[in-house]
Amino acid sequence: KEISKKAGFIVANEIFDAFSCEIIHKNQMLTMVDHKPIWIDEIDPFVKEIASRYGIVSGEIGLGYEAFAKELFTAFEKSEFVTFDYGDIDVRNDISARIYTKHKTYPLFDEEADLATLFATSDITYDVHFGHLIDAFNESGYVHDKYQTLMVALNDFGITELLEVLQENVSD
């Protein structure tokens, strides 16, 4: 909000999987009660609208994409925005939310995961729905150029050549 510049080139690596999300499954939304996941019948109207727009029956609905894109767009007279994250452009209708802690990954519904212990000490992430994200940026005024998977983008940026240089010049 504090930025007001003539031009900007913004690179965001894995930012959108850190945005809040709501998780839905069929006609229910997930909530937590005493660190236990509980499905409730009441779905937030915005979440319901996004789910309907994209045909999401099961999965995460990212929150805040629209407001972020609008603030970013208005911060510059002209800007380019590039982002990298895990996810897909199409809806998968699955729940990808997972918890990372101490180099271990737990699906959100893993019975081995002690959610009370993991609360506020772990990274919770999910796969980004790029269709929703792209639309949020388009609606804010940005013009979408292209979408690529992370692997294709890394190859286009020359990751293979960089790895070859590293392999020839540095030790493991």
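Residues numbered from 1 in each chain as written. Predicted model: local features only at pLDDT ≥ 70, side-chain atom pairs only at ≥ 80, totals over all residues. Heavy atoms only, no water.

Caption draft 1: Geometry of the nonpolar core. Membership of the largest hydrophobic core comes to 27 residues, with the highest contact counts inside it found for Phe16, Tyr65, Leu72, Phe81, Leu133 and Phe137. Of all the elements in the fold, those that place two or more residues in this core are strand E1 (5–13), helix H2 (65–75), strand E6 (76–84), helix H3 (115–118) and helix H4 (130–140). Looking at this core element by element, the count peaks at 5 residues for H4. Not counting residues within four places of it along the chain, the set of residues in contact with Leu133 comprises Phe16, Tyr65, Thr83 and Val128. Residues Ile24, Met29, Ala51 and Tyr54 belong to the second largest nonpolar core, which totals 9 residues. (Core = buried A, V, L, I, M, F, W, Y, C linked by side-chain atoms within 4.5 Å. Buried < 20%, exposed > 50% of the residue type's maximum accessible area, 1.4 Å probe, protein only. Helix = DSSP H or I, 4+ residues; strand = E, 2+ residues; numbered from the N terminus. Contact = heavy atoms within 4.5 Å.)

Caption draft 2: Main features of the layout of surface pockets. Quantified by volume, the largest pocket comes out at close to 890 Å³. Around the largest pocket, the lining comprises 32 residues; the ones closest to its centre are Phe81, Val82, Thr83, His144 and Lys146. Of the residues that constitute the lining of the largest pocket, the class distribution is 17 nonpolar, 8 polar and 7 charged. Contributing to the lining of the second largest pocket are 23 residues, with Cys21, Ile23, Met32, Leu108 and Ile124 lying nearest its centre. Looking at the lining of the second largest pocket, the elements that each hand over two or more residues are strand E2 (21–25), strand E3 (28–33), H3 and strand E10 (123–125). A breakdown of the residues in the lining of the second largest pocket according to their chemical character gives 15 nonpolar, 5 polar and 3 charged. (1 Å grid on protein atoms, 1.4 Å probe; cavity = no way out; pocket = protein on both sides within 12 Å on 5 of 7 lines; lining within 4 Å. Points joined across faces, edges and corners; volume = space filled by probe spheres on them. Nonpolar A, V, L, I, M, F, W, Y, C, P; charged D, E, K, R; others polar.)

Caption draft 3: The pattern of salt bridges, seen in detail. One pass over the structure, following the stated rule, counts 7 salt bridges. The closest approach of N and O atoms between Arg53 and Glu139, which form a salt bridge, is 3.3 Å. Taken together, the residues Arg53 in helix H1 (residues 45–54) and Glu139 in helix H4 connect sequence positions 86 residues apart. A relative accessible area of 38% means that Arg53 is categorised as partly exposed. When the shortest N-O distance is used, the salt bridge between Arg92 and Asp94 registers 3.3 Å. (Salt bridge = Lys/Arg side-chain N within 4 Å of Asp/Glu carboxyl O.)

Caption draft 4: Structural view of the packing of aromatic side chains. Summed over the entire model, instances satisfying the criterion amount to 16 aromatic pairs. Arranged with centres 5.6 Å apart and planes meeting at 85 degrees, the rings of Phe16 and Phe68 form a pair that is edge-to-face. Pair noted here: Phe16 is in the loop between E1 and E2 and Phe68 is in helix H2, with a separation of 52 residues, a long-range link. Relative to Phe81, the ring of Phe68 has its centre 6.5 Å away and its plane inclined at 65 degrees; by these criteria the two rings are edge-to-face. You can see Phe68 sitting in helix H2 and its partner Phe81 sitting in strand E6, a full 13 residues away along the chain. We classify Phe68 as partly exposed; its relative accessible area is 24%. (Phe/Tyr/Trp six-rings, centres within 6.5 Å; stacked < 30°, edge-to-face > 60°.)

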